[in-house]
Amino acid sequence: MSRSPVAGLLAGLVIVVLGLLVAFVGAVGVAFIGLLLSRWFELTQWQGSLIALAALAMVGLLAYRLMDSPRYAEPEWLDFDYEDEEHAAEQTEPPVVPWRRQRPTQGQPPVAPDKKR
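Residues numbered from 1 in each chain as written. Predicted model: local features only at pLDDT ≥ 70, side-chain atom pairs only at ≥ 80, totals over all residues. Heavy atoms only, no water.

## Examining the overall build of the protein chain
Formally: Helix numbers and strand numbers start at the N terminus; a helix is a DSSP run of H or I with at least 4 residues, a strand a run of E with at least 2. The rule is simple: take the accessible area with a 1.4 Å probe, protein chains only, and divide by the maximum for that residue type; under 20% is buried, over 50% is exposed, in between is partly exposed. Methods summary: accessible areas were calculated by the Shrake-Rupley approach with a probe of 1.4 Å, and residue burial reflects only the protein chains presented.
The helix and strand inventory of the protein chain stands at 4 helices and 0 strands. Shown N-terminal to C-terminal, the secondary structure of the protein chain runs as helices and strands in the order α-α-α-α. Expressed as a percentage of its 117 residues, the buried residues of the protein chain come to 6%. Summed over its atoms, the accessible surface of the protein chain is roughly 11400 Å², and 67% of this surface lies on carbon and sulfur atoms.

In structure tokens:
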């Protein structure tokens, strides 16, 4: 199924227009808050707008961090498989291999003749 290039361009144009509209509303909102801050405090509108823009950036960063962080931490021990533990407990020790049975020390290291235990 092929799509028309005109449809793709039209969708892109709609997305760009919506993005510009959102940016315009945000800029006017920051300028309005700057105007309010300049009337309430001894600031110019430019200084009030910078303060409003910094506050908006911090709120955006906080929202991004809250959405990015995991909702809950799942402990690793919950993934432990209990059936494997029961199966491991049922298994016995492996048998002693023949070459180890034939060793003279029966698994103990030889002691040097000048040292006594």
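## A few points about the packing of helix α1 (residues 5-40) against helix α2 (residues 45-68)
This is how the line gets drawn: Orientation is described by axes fitted as lines to C-alpha atoms, over the contacting stretch for helices, and by angles from 0 to 180 degrees between their N-to-C directions. When describing relative orientation, an angle under 35 degrees is termed roughly parallel and one over 145 degrees roughly antiparallel, while 65 to 115 degrees is termed roughly perpendicular and anything else oblique. By convention, the crossing between two helices is left-handed when the near helix turns anticlockwise from the far helix through less than a right angle, and right-handed when the turn is clockwise. Whether two residues are in contact is decided by their heavy atoms, any of which lying within 4.5 Å being enough.
Axis separation between α1 and α2 bottoms out at 7 Å; the angle between their running directions is 125°. If you check the angle between α1 and α2, you find them oblique. Like other packed secondary-structure pairs, α1 and α2 cross with a definite hand, here right-handed. On the side of α1, the interface is formed by V30, A31, I33, G34, L35, L37 and S38, while α2 contributes Q45, G48, S49, I51, A52, L53 and L56.

## Observations regarding the environment of S38
In plain terms, the rule: Throughout this description, a polar contact denotes any pair of N or O atoms lying within 3.5 Å of each other; where both atoms belong to protein, one of them has to be capable of donating a hydrogen while the other can accept it, and for residues adjacent in sequence the pair is counted only when both atoms sit in side chains.
Secondary-structure assignment places S38 in helix α1. According to the relative accessible area criterion, S38 is buried, its value standing at 17%. With 10 residues separating them in the primary sequence, S38 and G48 have C-alpha atoms 5.6 Å apart. A polar contact is formed between the side chain of S38 and the backbone oxygen of L35, at a distance of 2.7 Å.

## Some thoughts on α2
Our working definition: Expected span of a helix: the number of residues minus one, times 1.5 Å.
Compared with the 34 Å implied by 1.5 Å per residue over 24 residues, the 34 Å span of α2 between its first and last C-alpha is a close match. Taken together, the buried positions of α2 are G48, S49 and A52. Lining the buried residues of α2 we find α1.

## Looking at the confidence of the model for the protein chain
Heads up, the condition is: pLDDT gives the predictor's per-residue confidence on a scale running from 0 to 100.
Chain-level statistics for the protein chain give a pLDDT mean of 78 and a share of 62% at 70 or above. When mean pLDDT is taken per element in the protein chain, α1 scores highest with 92 and helix α3 (residues 82-90) scores lowest with 61.

## Observations regarding α1
With 36 residues, α1 should cover 52 Å at 1.5 Å per step; its first-to-last C-alpha distance of 53 Å lies within 8% of that length. Buried residues of α1: V30, G34, L37 and S38, and no others. On its buried side, α1 packs onto α2.

## Structural notes on the side chain of S49
Within the secondary structure, S49 sits in helix α2. On the basis of relative accessibility, which here comes to 15%, the residue S49 falls in the buried class. Each residue touching S49, except ones within four places of it in the same chain, is listed here: V30, A31 and G34.

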